[in-house]
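Each chain is listed here by its residues.
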Amino acid sequence: MFGKSAQVLLLGLVLMPIVLGVVILPTPPAIAQTSPTAQKAEADRLLQKGIQQFQTSQFAAALQSWQQALILYRAINDRQGEGEALVGLGNAYDALGNHPKAIEHHEQSLAIAREVKDRQGEGRSLSHLGSAYDALGNYPKAIAYQEQSLAIARELKNQLEEGAALGNLGNAYFFLGDYPKAIKCYEQSLAIAKELKNRRGESNSLGNLGNAYFLLGNYPKAIEYHEQSLAIKRRIQDRRGESNSLGNLGSTYSALGNYLKAIEYHEQSLVVAREIQDRPGESYSLGNLGNAYFFLGNYPKAIEYYEQSLAIKRAIQDRRGESNSLGNLGSIYHVLGNYSKAIEYQEQSLAVAREIQDRLGESQSLSNLGSVYDTLGNYPKALQYQKQSVAIARKIKYQPGEGYSLNDLGFTLFKLNRLAEAESTLRSAIAIHESLRTGLVDRNKISIADTQKNAYINLQKVLIAQNKPEAALEIAERGRARALVELLTSRFNHQFQTDLQNTIQAPNVNTIRQISKTQNATLVQYSIAYGEQLYIWVIKPTGEITFRSTQLDPSQTLAQLVGNSRRDLGVRGRASVKISQQPISSNQTDSLAQLYQLLISPIVQDLPTDPNQRIIFLPQGELFLVPFAALLDAQNHPLIEHHTISTAPSIQTLALTHTLAQRPKTKGGTVIVGDPQMPTYNGQPLQPLPAARQEAIAIGQQLNTTPLIGAQATKATVLQQMTSAKFLHFATHGLLDRVYGDIPGAIALTPSGQDNGFLSAGEIFNLKLNADLVVLSACDTGRGEITGDGVVGLSRSFIAAGAPSVVVSLWAVNDQSTSDLMQEFYRQLKQQPDKAQALRQAMLTTKQRYPDPSHWAAFTLVGER
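Residues numbered from 1 in each chain as written. Predicted model: local features only at pLDDT ≥ 70, side-chain atom pairs only at ≥ 80, totals over all residues. Heavy atoms only, no water.

> I tried to follow the overall build of the chain on my own but got confused; where do I start?
In terms of helices and strands, the chain carries 37 helices and 18 strands. Whereas a compact globule of 865 residues would reach a radius of gyration of roughly 29 Å, the chain reaches 32 Å, a difference of no more than 12%. Considering only C-alpha atoms, the chain reaches an extent of 105 × 65 × 50 Å along its principal axes. Considering the chain as a whole, with its 865 residues, one finds that 62% of them fall into the buried category. A sequence separation of at least 24 residues applies to 70% of the contacts in the chain between residues at least 6 apart. Counting every atom, the chain has about 31,400 Å² of accessible surface; 49% of that belongs to carbon and sulfur. Distance from the positive charge centre (82 side chains) to the negative charge centre (77 side chains) of the chain: 3 Å. (Helix = DSSP H or I, 4+ residues; strand = E, 2+ residues; numbered from the N terminus. Rg over C-alpha atoms; globule rule 2.2 N^0.38 Å. Buried < 20%, exposed > 50% of the residue type's maximum accessible area, 1.4 Å probe, protein only. Contact = heavy atoms within 4.5 Å. Areas by Shrake-Rupley, 256 points an atom, 1.4 Å probe, with all protein chains shown as cover. Lys, Arg positive; Asp, Glu negative; His and termini not counted. Charge placed at Lys NZ, Arg CZ, Asp CG, Glu CD.)

Put into structure tokens, the structure is as follows:
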């Protein structure tokens, strides 16, 4: 086990050199005469034609036009025209990936410019030579050429040339790892482009700024710049630039952990690159797709893309790209357990990176070599490589790489039993990780946090090894649901009447004790360490904290065990689940008893003996899918018989939902939805739910409210009423899919002419609710995308919108038994205000009629009691 997944090299960011190849001349009519005048006119026409072809990414055609122009200019001894044609040819070869040939032509054009004393042409040729050497990885030479070009542009007071030289100089500093200097150049280049209304130059500078901010870890700014760049490139029909911008956006989303969105962008980029025969662009798109599939765990597909990318990069002599592809292949073989092949590829990658002075690539190759030696148990050698990687990342101010390398270094120190050093190193890694989330939108905070989770796990292991379980609890809490905590605090800060910055800090152990006391509940927090160990903390209302650690069985993962329990329960869709009044099967007993032994038995002596005393479970990962109420003890008694149960994504969210519940009470009514006129999904109408209709009518009678049933339950009507309601109850179909936006989950309502009838989790997320309780009496409403921030889906969206308490289902529930349970829940709620106790009594009553736990154990209360 190593401290993180092997680090894939540079995520294929494509910098955009600002090309100012030739002066655009008026296009004379094509003539066939062979006089020198006619030949010059034809050469000028071909030169202009090549420019137009180049600007529309027809690089091979532009090459042909400029070759013909060059022949004519030489025939009439037009040295100025010859120089312009050579510049164009150099740019075309550069665009086609043949950088040595590009250098050859740019050197010829430079010689001519100096011969005819054309200072402007000399500056351009120097700039183009700098870009070509930059592409070959010779950055010091690239900087020298660009600085000469910049000096000439300023001497001539030529702003267009100055802007181009600044942008290209920024590229060279970028690859040397001097990002602040690169940004300074890019910003100056952007300002000039805007002043001159040079849209192509503006879009290139925006893209380059996006790349610099990406490597500094400022992902919101990177996305902002890349989106602006893409919009301009599409507007001016710059196809090559469009492909680059799409790829850069994909790389940014990949760094955020949103790999599906990354694949979408990279596939678009690849299509464009192939359409215009952009070989460098094609190779980067292939490599980026390999990165995304690597992180998704589809290694055969990743290898296929990496090998295709490597072949193109070698063919076009893209040395930096070659180093990246070698490193990525090494990372794949590391994960696959072929360590000798992994070392071979990583050493080749390191050699190329050092040869071309690619400091970022060197740091990443060193990090990857350290990871391989760590896996092989050669910790001193791993430490040597990891320290070198950290030093380089720190020197070039590459924060994401520094954070990952520090994590690896800390984990290796842990294995060497150098615990104090390991703790300090991992705390530094976490500080860097958390700094990278500043300014991100909620969804991206979730994604990036999931890519950083190993540092929190590693630090917990180190602290527990030092017998510091309470400090480990602080880190376990610090690593979960941070995005939701920050979101709730920022949205409802005026209601919390507290300082925003103080609220969003991860709680210390004293704050955790206070939250347990305020809740008057026993908190049970789980943390899974790489599927090897399960850490459990029990925090009592008295402030006492106990810690237990359980070794997990490697032959059966937690995910498998949870999956088996769901399979044994035979869960399906609400309208298709058959009613069973038979006792539970032996398979169900086995899987539910196994989960009890793993999750409850180690702490049973720490749990309250009074069944009315609440336990709040704080799961992690696959444990969010566990039906805690149904777990069976040695006497085959379900946990709900002994305890009142609820769940929450983190301890700190409990403090925030508690504060939400204390808001001044509104006079809002109740919205009850039952069996809407079902919308169509995937071409098929959803089945009606007659028992859901009965449920809505019965609950409406209990609460003195007229329910919205059938055609009345339109999306527009429900949205209009729900924002001011005190109680929200939905008895309908629930979906797990992404219907709108990138948050999974939706509730089926009656469609109208203006909508499709689905109220999505994404739409709910953006609402502002005053409801004290939301009940989702539908299928799978407690499920979604399991992340370090909890379950991203309907329940989280309702909490984010302001609901402190949400009742959701963990699987597809039966129509009739769910109707009975919900009616009983509201009968109990009228007798006592405690929602968790009301749900417990409803489960116990329903269990008497339907013993199978698939009918009574699906629902859980999330949040406030």
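Read on, since the account is not over.
> Before we go on, may I ask you to explain the sheet that holds strand 12 (residues 746-748) in this structure?
Strands in a sheet are paired, the pairing made by backbone hydrogen bonds, and the direction either parallel or antiparallel. Spatially, the three strands line up as an open sheet ordered 11-12-13, and their pairing is antiparallel. The outermost strands of the open sheet, each flanked by one partner alone, are strand 11 (734-735) and strand 13 (758-760). Pairing geometry for strand 11 and strand 12, over two bridges, is antiparallel. Residue pairing in the sheet places L735 in a bridge with A746 of strand 12. (Pairing = 2+ DSSP bridges.)

> I tried to follow the side chain of S760 on my own but got confused; where do I start?
As for its position among the elements, S760 is in strand 13. Exposure remark for S760: the relative accessible area of 0% places this residue in the buried category.

> Teacher, can you tell me more about helix 28 (residues 558-569) here?
An α-helical turn contains 3.6 residues, so a residue and the one three or four places further along point in the same direction. Look at helix 28: 17 Å from first C-alpha to last across twelve residues, which is about the 16 Å you get at 1.5 Å a residue. Among all positions in helix 28, only L558, L561, V562, S565, R566, D568 and L569 are buried. End-on, the buried residues of helix 28 take up no more than an arc of 165°, which puts them together on one face. (Expected span 1.5 Å × (residues − 1). Arc of directions from axis to C-beta.)

> Would you mind showing me how to read the confidence of the model for the chain here?
Low pLDDT marks stretches whose predicted atomic positions should not be read closely. Per-residue pLDDT for the chain has a mean of 88; in total, 92% of the residues score no lower than 70. A low-confidence stretch, residues 1-33 (pLDDT under 50), is modelled with 150 contacts involving residues beyond four sequence positions or located in other chains. Low confidence marks residues 572-585, where pLDDT is under 50. Its contacts with residues over four positions away, or in another chain, come to 50 contacts. (pLDDT = per-residue confidence, 0-100.)

> Is there a simple way to explain the pattern of salt bridges in this structure?
Opposite charge on two side chains permits pairing when their charged atoms draw close. Inspection of every chain in the model, using the stated rule, returns 44 salt bridges. A salt bridge links E82 to R74; the nearest nitrogen and oxygen atoms lie 2.9 Å apart. Residue class for E82 comes out buried when judged on its relative accessible area of 7%. Of the residues examined, R74 reaches a relative accessible area of 42% and is grouped as partly exposed. The partner of R274 in a salt bridge is E282, and the shortest N-O contact between them spans 3.1 Å. Look at the salt bridges and you will find they share partners, linking R74, R79, E82 and E115 into a network. (Salt bridge = Lys/Arg side-chain N within 4 Å of Asp/Glu carboxyl O.)

> Hey, could you run me through the side chain of S283 in this one?
Following the sequence through the fold, S283 ends up in helix 13 (residues 279-295). When sequence neighbours within four positions are dropped, the list of residues in contact with S283 reads S309, I312 and K313.

> Which parts of the structure should I look at to understand empty space enclosed by the protein?
Unfilled space is identified by rolling a water-sized probe across the atoms. Using the criterion set out here, one finds ten cavities of 30 Å³ or more in the structure. Computed from the structure, the largest cavity encloses a volume of approximately 320 Å³. Residue lining of the largest cavity: 29 residues in total, with F624, T647, L810, T860 and V862 positioned closest to the centre. Of all the secondary-structure elements, those providing two or more residues to the lining of the largest cavity are strand 5 (644-647), strand 16 (790-793), helix 34 (794-800), helix 36 (835-849) and strand 18 (859-863). Top contributing element to the lining of the largest cavity by residue count: strand 18, with four residues. Residue composition of the lining of the largest cavity, grouped by class: 22 nonpolar, five polar and two charged. As for the second largest cavity, its lining consists of 13 residues, and the residues nearest its centre are Q80, G83, E84, D118 and G121. Of all the elements in the fold, those that place two or more residues in the lining of the second largest cavity are helix 3 (79-95), helix 4 (99-115) and helix 5 (119-135). No other element matches the five residues that helix 3 contributes to the lining of the second largest cavity. (1 Å grid on protein atoms, 1.4 Å probe; cavity = no way out; pocket = protein on both sides within 12 Å on 5 of 7 lines; lining within 4 Å. Points joined across faces, edges and corners; volume = space filled by probe spheres on them. Nonpolar A, V, L, I, M, F, W, Y, C, P; charged D, E, K, R; others polar.)

> Even after reading the chapter, I still don't get the pairing of strand 10 (residues 727-731), so can you show me in this structure?
On a regular strand, each side chain points to the face opposite its neighbour's, so the side chains alternate between the two faces of the sheet. For strand 10, a buried count of four out of five residues is recorded, marking the element as mostly surrounded by other parts of the structure. With five bridges connecting them, strand 6 (residues 670-676) and strand 10 associate as parallel partners. The residue of strand 10 that forms the bridge with T670 is F727.

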